[in-house]
Amino acid sequence: MKKFLPLIIFAILCFVPFVGLSTYVMHILILVLMWSVIGMAWNVLGGYTGQVSFGHAAFFGFGAYTGGILYQHLGISAWWGLPACVVILTALSLVIGYICLRLRGAYFALATLALGEVCRVAAENLVEFTQGNMGIMLRERTWVDKTWYFYVILIIAASTYMLIKLVMESKLGYYFVAIREDQDAAESLGINTTFYKTISLCLSGVLTGVAGAFYMNYMGYIDPATVFPLSEVSIAVVMVVMVGGAATFWGPIVGALIMVFLAEVIRSLPHIGAAHQTIFGIILILIIMFLPNGVVGDFGKLIKPFVGRRTSS
Amino acid sequence: MAQLELFLQTLISGFLLGGLYALIALGMALIMGVMRVINLAHGDFMMIAMYIAYWMFTLFGIDPYISVFIAAPALFLFGLFIQKYLLTPVMKVESILPHNQVILTVGLAMVFSNLATVLFTGNYRSTPVNYASSAWYLTDYWKNSPIELSLSMPWTISFIIAAIITVGLWIFLTKTDTGKSIRATSQDLDAALLMGVNVNWVRMVTLGIGLVLVACAGCLFLPIYYLYPALGKQFTNVGFVIAVIGGMGSTDGALIGGLILGIFESLTATYIGMGWAPAGRFAIFVAALVFLPGGVASIIKKWRLGK
């Protein structure tokens, strides 16, 4: 049963558009899927390899701008951004990896945070190339209906899930985990830690970039403040993974589901809506203090009060 | 000659800015050294101090420079509280992800900046002190000076107070017992524990002092800058960029790094453009990471060993 769970969920999701949900609900579902892609991508680097990044907005924004710039300057469909960003994001990840991966722990987090900000400032100031704060707008949309966007992001999410599962169950995955558990020990066992960290970063960056390119096509408008922000993308993805559970396959998906719905609910409440960042911050603090491995990772702990002793394994 | 004047003027204002930056970075470096935690809410604590000073000025007419004596103790207590009830418990939590404390400070930063927006609105505020636009001119003191330089009055006062606080910190760290325990903990945690240092208490005091420094910086910035709830992020960036330039957790490095960054930013703003000043900040950050991973501290160390 457990083995087929992903397939069953995928099949159910395939039929969701036929139920006749409202456009708003479809929009939320698309966002949930998109965030689970970004979350899974972050999880490769942050959860499995243990390199916490605060700069995933850089990858997300680069992916989005790849599509946008192809459309703006070459006049071809922004969907070409999806394949193009694989190449560009690999190159970007190599550069970022060269600069940042020599740092360890919290300093790596800082360096990625700074690079994310560099990307935002650059996108704001390279006006001829990125249109600066005016942003890039797609003047014609591929589909008006959300159904096809839903299927595109569903396929992206499913392939991401399979790819990550494949990688994590291969030798590569064990190397990643070894690096997270003890970098020096891994190095002394002959694992080229820098090389494997770079691979992890590339994988994570490319997947985030694909989500970014999809975002460009789906929303039809990007500007530096929406695709390169610190709190709405870089920190949000950390929260998605922390809430769901780092280093678990389902964590990012569950986290995305919780966070997107929570965000929508909180924002729609009168009076409290303005304080949604406060509530998210408090949730983040509570999660760190009481559920450090997220809803999925600490599932046993979470349901213990309800089912008694049986789950104490 | 006008070119030279502009250059010197930029250099001086960069130096003054750097003195204030150094104060922010010193707090960060202390916290980083003792706790191995990067305080990503550092700028937001500064924002809190600035709001305290702002309301003191608006409601009671207390000068922002006097508010140092109100904001600093307040943030000291706040720091003790946060270390005791949030950071220390998190240290003991078992989790897959390291750097829990860093992520915790991110959460704190989110709460502070958002609460400030809710409570005080996102408006830009400033304290209209009456000496805000007064300045000193070089020609007032030296009649036949070939070049004309001006020094803004509040900038100079802020810089001098920052220098006094820095000297005070230096005396505290080198002469008092608590200061020595802080330095010992930062050099070697286990050895400090074995020598009977109460590490948890030292951690609390360190966070308190780090916040006192940033609170002072906030009060000193208030007369020359404006205030808005999201301001913290910018100064957190400044703090950790300097910490990296200076060398992680090194107070000497933070001091020199602050001056370097101040001058560098001032030069970028004058010669390349205001919009690029933050990018210049990060360019020097990345350059420091790539070419000088140990920061200024490693140069100081080499120089000392050479002697």
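Heads up: the structure comes first, above all this text.
So, here is what we can say about the structure in this document. (Residues numbered from 1 in each chain as written. Chains lettered and ligands numbered in written order. Predicted model: local features only at pLDDT ≥ 70, side-chain atom pairs only at ≥ 80, totals over all residues.)

### Things to note about the packing of helix H14 (residues 276-290) of chain A against helix H4 (residues 100-120) of chain B
The description of two packed helices rests on the angle between their axes and on the distance between the axes.
At step 1: Where H14 of chain A contacts H4 of chain B, the axes come no closer than 7 Å and their chain directions differ by 160°. As judged from the angle between their axes, H14 of chain A and H4 of chain B are roughly antiparallel. The handedness of the crossing between H14 of chain A and H4 of chain B comes out as left-handed. Where H14 of chain A abuts H4 of chain B, its residues Gln-277, Thr-278, Phe-280, Gly-281, Ile-282, Leu-284, Ile-285 and Ile-288 of chain A lie against Asn-100, Ile-103, Leu-104, Gly-107, Leu-108, Met-110, Val-111, Asn-114 and Leu-115 of chain B. (Axes fitted to C-alpha atoms, helices over the stretch in contact; angles between N-to-C directions. Helix = DSSP H or I, 4+ residues; strand = E, 2+ residues; numbered from the N terminus. Parallel < 35°, antiparallel > 145°, perpendicular 65-115°, else oblique. Left-handed = near helix turned anticlockwise from the far one by under 90°. Contact = placed C-beta atoms within 7 Å.)

### A look at the environment of Ala-58 of chain A
Residue and element names in this part refer to chain A.
At step 1: Looking at the element boundaries, Ala-58 is found in helix H3 (residues 56-74).
At step 2: The exposure class of Ala-58 is buried, given the 33 C-beta atoms found within 10 Å.
At step 3: Taking the C-alpha atoms as reference, Ala-58 lies 22 Å from Val-243; in sequence the two are 185 residues apart.
At step 4: Dropping the residues within four chain positions of it, Ala-58 is found in contact with Leu-115, Gly-116 and Cys-119. (Buried ≥ 20, exposed ≤ 12 C-beta atoms within 10 Å, placed from the backbone.)

### A few points about the interface of chain A and chain B
At step 1: At the interface, 41 residues of chain A touch 39 residues of chain B.
At step 2: Of all the secondary-structure elements, those providing two or more residues to the side of chain A that touches chain B are helix H2 (23-48), helix H5 (105-125), helix H12 (230-244) and H14 of chain A.
At step 3: If you tally residues by element for the side of chain A that touches chain B, the top one is H5 of chain A, at 13 residues.
At step 4: Tallied by class, the residues present in the side of chain A that touches chain B amount to 27 nonpolar, 11 polar and three charged. (Nonpolar A, V, L, I, M, F, W, Y, C, P; charged D, E, K, R; others polar.)

### Describing the nonpolar core
Residues and elements named next belong to chain B.
At step 1: Ala-49 and Ala-215 are the most contacted members of the largest nonpolar core, which totals 197 residues.
At step 2: With 16 residues, helix H1 (residues 2-35) is the single largest residue contributor to this core.
At step 3: Not counting chain neighbours up to four residues away, the residues in contact with Ala-49 comprise Ala-71, Leu-75, Val-214, Ala-215, Gly-218 and Cys-219. (Core = buried A, V, L, I, M, F, W, Y, C linked by C-beta atoms within 7 Å.)

### Quick notes on the environment of Leu-286 of chain A
At step 1: Looking at where Leu-286 of chain A falls in the secondary structure, it is placed in helix H14.
At step 2: Expressed as a C-alpha distance, the spacing of Leu-286 of chain A and Leu-172 of chain A, which sit 114 residues apart in the sequence, is 33 Å.

### A word on helix H13 (residues 295-306) of chain B
Residues and elements named next belong to chain B.
At step 1: With 12 residues, H13 ought to run about 16 Å at 1.5 Å a step, and its terminal C-alpha atoms sit 17 Å apart, in line with that.
At step 2: Taken together, the buried positions of H13 are Gly-295, Val-296 and Ala-297. The buried residues of H13 occupy an angular sector of 160° when projected down its axis, which confines them to one face. Seen from the buried face of H13, the exposed residues on the opposite side, beyond 90 degrees, are Lys-302, Trp-303 and Gly-306. (Expected span 1.5 Å × (residues − 1). Arc of directions from axis to C-beta.)

### Regarding unusual backbone geometry
All names here are of chain A.
At step 1: Unusually for a residue other than glycine, Ala-247 sits at a positive phi of about 60°.
At step 2: Looking at the secondary structure, you find Ala-247 in the loop between H12 and helix H13 (251-268).
At step 3: C-beta crowding within 10 Å serves as the criterion here: with 24 such atoms nearby, Ala-247 is assigned to the buried category.

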